[in-house]
Amino acid sequence: MIFTPQRDQMDCGPACLCMAASTYGKKYSLQYLRDNSFITREGVSLLGIAEAAAKIGFEVLSGRLTIERLNQMPLPCILHWNQNHFVVLEKIKKNRLTRKKTYKIADPGYGLIVLNEEKFVKSWLSDENNGIALFLEPTEKFYELTPPKEERLKIKYIFNHLKPFKKQLIWLFIMLLLGSALSLVFPFLTQSLIDNGVSKKNLNLISLILLAQLGLFFGSITIEIIRNWLMLYIGTKISINIISDFLKKLLQLPIKFFDTKMTGDFTQRIQDNERIEHFLTSQSLVTFFSMITFSVFFGVLCYYDAKILIVYLFLTVMSISWSFYWLKKRKILDYFLFQQRSQNHESILEIINGVTEMKLNQFEYFKRKEWEEIQAKLFKINIRILKLNQFQLSGFEFLNQFKNILVTFLAASFVIKGQMTLGQLLSVSYIVGQMNSPINQLVSFFRSFQDAKLSLERLNEVQNHPTEEGDDNLLKINNINTQFPLGIRGVDLSFQYEGPQSSFVLKDINFVIPEGKITAIVGASGSGKTTLLKLLLKFYEPTKGRLLFESENVKNISAKSLRENCGVVMQEGFIFSDTIERNIAMGEEIIDREKMKRAVKIANIENFIETLPLGYNTKIGASGNGISGGQKQRILIARAVYKNPHYIFFDEATSALDAENEKIIHDNLQEFFKGKTVVIIAHRLSTVKNADNIIVLKNGEIVEQGSHSELVFNKSDYFNLVKNQLELGN
């Protein structure tokens, strides 16, 4: 079985399935299995793993069973672990002497571990006697299927970022070449100093050589200063370009992609970009010239004595091989470090953003303890990394020092035998010392190269993910034929967030949202109202059925073009850390003052803005800190009005407003709504009663449609929803 670490916090299930498939000789990419496991922000379910397993040809059997029954079942199998994780049970062994069992576990979030029965049971059992397990039996289909090839970013992608800096790289090349040339002169000066200066007691020559060394040293310092400036310039620019490209691609991805990711995962990926930049600048170029220096000194050492060179090379190869042995283990630990750092970022952000609620509900101690537990896990991983690094570096340094001592001993013995001069001995010692630096640099290069490759694998998930606007032939919303307006229609529309076996959020609904009219959608919480709105905005595509804008299927319409023509107020609209006017005008670089004035007037926020010292230029805190919920909603309404779009979608847009403000805004919007296609999701009667058509949703199904008066007359679901507001009684 090939061990597969999870890359993100939610990847444990697909990673386990990866390992199970590898047991039978099939290597599936983590991304492919993740896509077919229907992961949500809460993680993956056993049902989702079973769906993905069935798709790749496994016969799946899951159940709740006792430890005695588990011991008799075929392995490997996937276990539900600690109530919130998945691991692979690879082997069960029985000690011949003690007759006690040990369980070999492949934990995608920790590594390979062996547990005794007591510890195993403690983590696996979900109640007193039973634990949950998923058993996988490969079928003929499993062996017939060929795992799809995963598009991977190649190392060439990294080096492409160097192309815009050819001029600076040429200068850097010259500086490094000069530095290498200067270092080459030093051993010959040292030999001449001893053999021709000290031995022959020539003080003038000694002075001249020492002055030359001083000049060369000053030249090396100057070159180093210029080189560092160039490295800083190139490194900073490359870092900006890499992160900018990452963010550009990230913002082109569909909303669905972000549903399974935590904020910490993205912040860690941005830090991954820094590792790539470090590899390109601080490692690649320096290592390249270190190897040139090494090659030159290699030739010089061969010129002095071939035997010394052979001994040096043999021990150097041994020390490098030792370092390479530990790189594979280090790779696995890097994934675990990424996960824990991601969780750490997530925890800190949650504490900062939720400080008010924490204080109100005495939640501080619990969240702080939770953070401390993350730190403890981070500490354990850092200990494992430190131990590995110590083994690697200690062995490498020992072999290096042994090599230096042995070479010095050989050179000294040659001097004693008269086969080498004292000056040559010092020169060889200097060369060996100078050759050690490129070897150290080479080992650091391979470590940095490994870091860059691992970072590239994590970026690969973003860079190779299909963009939302992947098809250039998608229709612009303005190009749809509206000669005979049909509005927006749902035909046998169904939607589910997870796999085919999950529950439907919307079930075979049929509706019409008339062109140029106001349509209200009402229903109890969880009835599917907001989900329907997200389908209308193309955040997701229907699982079954069709969603039509006029006569065109929404699948054929550009999501960007659709949203450009929509003014939207979502239930959890976001306020940016920027000025009020920029929060309203958003994408427009040059703000239209007339449109701004009209928008704030309709949203009834003009008086509030005028009371502020900086007016429209007043900066609001992130997520709307510093303003009330009602003020935040009015800014969001002003944002939607400012766009002056054809489609208006409001999801509980006035829920935080008092009755007076709601009435004023409601009256102001009636004029604005004329000629526009409007969809309003709301609970309040005052918001929906004037709608041309009201759609009543219940448990994902449309149970009623009609005008307010018709639905009240029917005395059915709509009547029950609003009777308390209407005070109609029975």
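No experiment lies behind these values; they were computed from the predicted model shown.

### Description of the pattern of salt bridges
- Applying the stated criterion across every chain yields a total of 11 salt bridges.
- Of the charged contacts, one joins Arg368 and Glu372 as a salt bridge, the two residues approaching to 2.9 Å between their closest N and O atoms. In this pair, Arg368 and Glu372 are both assigned in helix 14 (residues 364–416), four residues apart and thus about one turn of the helix distant.
- The partly exposed category is assigned to Arg368, whose relative accessible area is 42%.

### Regarding the sheet that holds strand 10 (residues 544–549)
- Spatial ordering of the open sheet is given by 8-7-10-11, a layout of four strands whose pairing is antiparallel. Two strands lie at the open edges of the sheet, namely strand 8 (506–513) and strand 11 (552–553), each paired on one side alone.
- Taken together, the five bridges between strand 7 (residues 488–495) and strand 10 define a ladder with antiparallel strand orientation. Looking at strand 10, one finds that Ser494 is bridged to Lys544.
- Of the strands in this sheet, strand 7, strand 8 and strand 10 touch helix 16 (residues 529–536), which is tilted by about 65° from strand 8.

### Some points on helix 14
- Spanning 53 residues, helix 14 covers 74 Å between terminal C-alpha atoms, matching the ideal 78 Å at 1.5 Å per step.
- A positive backbone phi angle near 80° is found at Gly418, which sits one or two residues after helix 14.

### Details of the sheet that holds strand 5 (residues 111–116)
- Ordered by their spatial adjacency, six strands build an open sheet running 1-6-2-3-4-5, and the pairing between neighbours is antiparallel. Unpaired on one side and paired on the other, strand 1 (58–65) and strand 5 mark the two borders of the sheet. The mean angle between the axes of side-by-side strands here comes to 30°, regardless of whether they run parallel or antiparallel.

### Quick notes on the environment of Ala20
- Turning to its location among the elements, Ala20 is positioned in helix 1 (residues 12–23).
- When the C-alpha positions of Ala20 and Leu89 are compared, they lie 9.5 Å apart, and in sequence the two are 69 residues distant.

### Regarding the nonpolar core
- Membership of the largest hydrophobic core comes to 47 residues, with the highest contact counts inside it found for Ile584, Ile637, Phe650, Leu669, Phe673, Ile694 and Tyr718.
- No other element matches the seven residues that helix 21 (residues 629–643) contributes to this core.
- In contact with Leu669, not counting residues within four places along its chain, are Ile602, Ile637, Val641 and Phe650.

### Looking at the packing of helix 19 (residues 593–602) against helix 22 (residues 659–672)
- Packing of helix 19 against helix 22 leaves a shortest axis separation of 9 Å and a crossing angle of 135°. It follows that helix 19 is oblique to helix 22 by the angle criterion. Contact residues: Arg598, Lys601 and Ile602 in helix 19; Ile665, Asn668, Leu669 and Phe672 in helix 22.
- Considered class by class, the residues forming the contact of helix 19 with helix 22 number four nonpolar, one polar and two charged.

### Quick notes on unusual backbone geometry
- Following Leu75, the chain continues into Pro76 via a peptide bond in cis, with omega recorded as 5°.
- With respect to the secondary-structure elements, Pro76 resides in the loop between helix 4 (67–70) and strand 2 (77–81).

### A closer look at the UniProt feature "transmembrane region" (unreviewed entry) in the protein chain
- What UniProt calls "transmembrane region" (unreviewed entry) maps, in this numbering, to residues 169–190, 202–223, 285–304 and 310–327.
- What you have in residues 202–223 is 95% helix and 0% strand, and the ends, taken at the C-alpha atoms, are 32 Å apart.

### Things to note about the packing of aromatic side chains
- The tally for this structure, following the rule as stated, stands at 21 aromatic pairs.
- Centroid distance Tyr28 to Tyr32: 5.8 Å. Interplanar angle 20°. Geometry classified as stacked.
- Residues Phe58 and Phe142 carry aromatic rings whose centres are separated by 4.6 Å and whose planes lie at 40° to one another, so their mutual orientation is tilted. On the criterion of sequence distance, the pair formed by Phe58 in strand 1 and Phe142 in helix 6 (residues 140–144) is long-range, its members being 84 residues apart.
- On the basis of relative accessible area, Phe142 is assigned to the buried category, the value being 0%.
- One aromatic cluster is present, built from ring pairs that chain together Tyr24, Phe58, Phe142 and Tyr143.
- The ring of Phe142 has Lys26 lying over it, and the distance from NZ or CZ to the ring centre is 5.4 Å.
- The ring of Phe672 has Lys676 sitting right over it, with the charged end atom 4.9 Å from the ring centre.

### What to know about a nonpolar patch on the surface
- A grouping of Ile170, Trp171, Phe173, Ile174, Leu177, Leu178 and Phe288 is seen on the molecular surface, where their side chains present a nonpolar patch of about 660 Å² in accessible area.
- By the secondary structure assignment, Phe288 is in helix 11 (residues 263–304).

### Quick notes on the state of the cysteines
- Within this structure, the stated rule accounts for zero disulfides.
- Free of any disulfide, Cys12 has its nearest cysteine sulfur in Cys16, 6.2 Å distant.
- Judged by its relative accessible area of 7%, Cys12 falls in the buried class.
- For Cys16, a relative accessible area of 0% puts it in the buried group.

### Description of helix 19
- Within helix 19, the full set of buried residues consists of Met596, Ala599, Val600 and Ile602. For helix 19, the arc enclosing every buried residue in end-on projection is 160°, short of the 170-degree limit, so these residues lie on one face. Structural note: helix 19 exposes Glu594 and Lys601 on the side pointing more than 90 degrees away from its buried face.
- Those residues of helix 19 that are buried lie in contact with helix 18 (580–585), helix 20 (606–611), helix 21 and helix 22.
- Residue Asp592 occupies the N-cap position of helix 19, its side-chain oxygen lying 3.0 Å from the main-chain nitrogen of Glu594.
- After helix 19 finishes, the residue Asn604 shows a positive phi value of roughly 55°.

### Side note on the packing of helix 21 against helix 22
- Viewed as axis vectors pointing N to C, helix 21 and helix 22 meet at an angle of 5°, and their least axial separation amounts to 13 Å. In terms of orientation, helix 21 lies roughly parallel with respect to helix 22. Each of Arg634, Ile637 and Val641 in helix 21 lies in contact with helix 22, whose residues at this interface are Asn661, Ile665, Leu669 and Phe672.
- Across the contact of helix 21 with helix 22, the residue classes tally to five nonpolar, one polar and one charged.

Reading the values: the criteria
- Residues numbered from 1 in each chain as written.
- Predicted model: local features only at pLDDT ≥ 70, side-chain atom pairs only at ≥ 80, totals over all residues.
- Heavy atoms only, no water.
- Salt bridge = Lys/Arg side-chain N within 4 Å of Asp/Glu carboxyl O.
- Helix = DSSP H or I, 4+ residues; strand = E, 2+ residues; numbered from the N terminus.
- Buried < 20%, exposed > 50% of the residue type's maximum accessible area, 1.4 Å probe, protein only.
- Pairing = 2+ DSSP bridges.
- Contact = heavy atoms within 4.5 Å.
- Axes fitted to C-alpha atoms, helices over the stretch in contact; angles between N-to-C directions.
- Expected span 1.5 Å × (residues − 1).
- Core = buried A, V, L, I, M, F, W, Y, C linked by side-chain atoms within 4.5 Å.
- Parallel < 35°, antiparallel > 145°, perpendicular 65-115°, else oblique.
- Nonpolar A, V, L, I, M, F, W, Y, C, P; charged D, E, K, R; others polar.
- UniProt positions renumbered as here; feature names shortened; annotations may be inferred.
- Phe/Tyr/Trp six-rings, centres within 6.5 Å; stacked < 30°, edge-to-face > 60°.
- Lys NZ or Arg CZ within 6 Å of the ring centre and 35° of its normal.
- Patch = residues over 30% accessible without salt bridge, like charges linked within 9 Å, V, L, I, M, F, W, Y side chains within 5 Å.
- Areas by Shrake-Rupley, 256 points an atom, 1.4 Å probe, with all protein chains shown as cover.
- Disulfide = S-S within 2.5 Å.
- Arc of directions from axis to C-beta.
- Polar contact = N/O pair within 3.5 Å; in protein donor to acceptor, adjacent residues only side chain to side chain.

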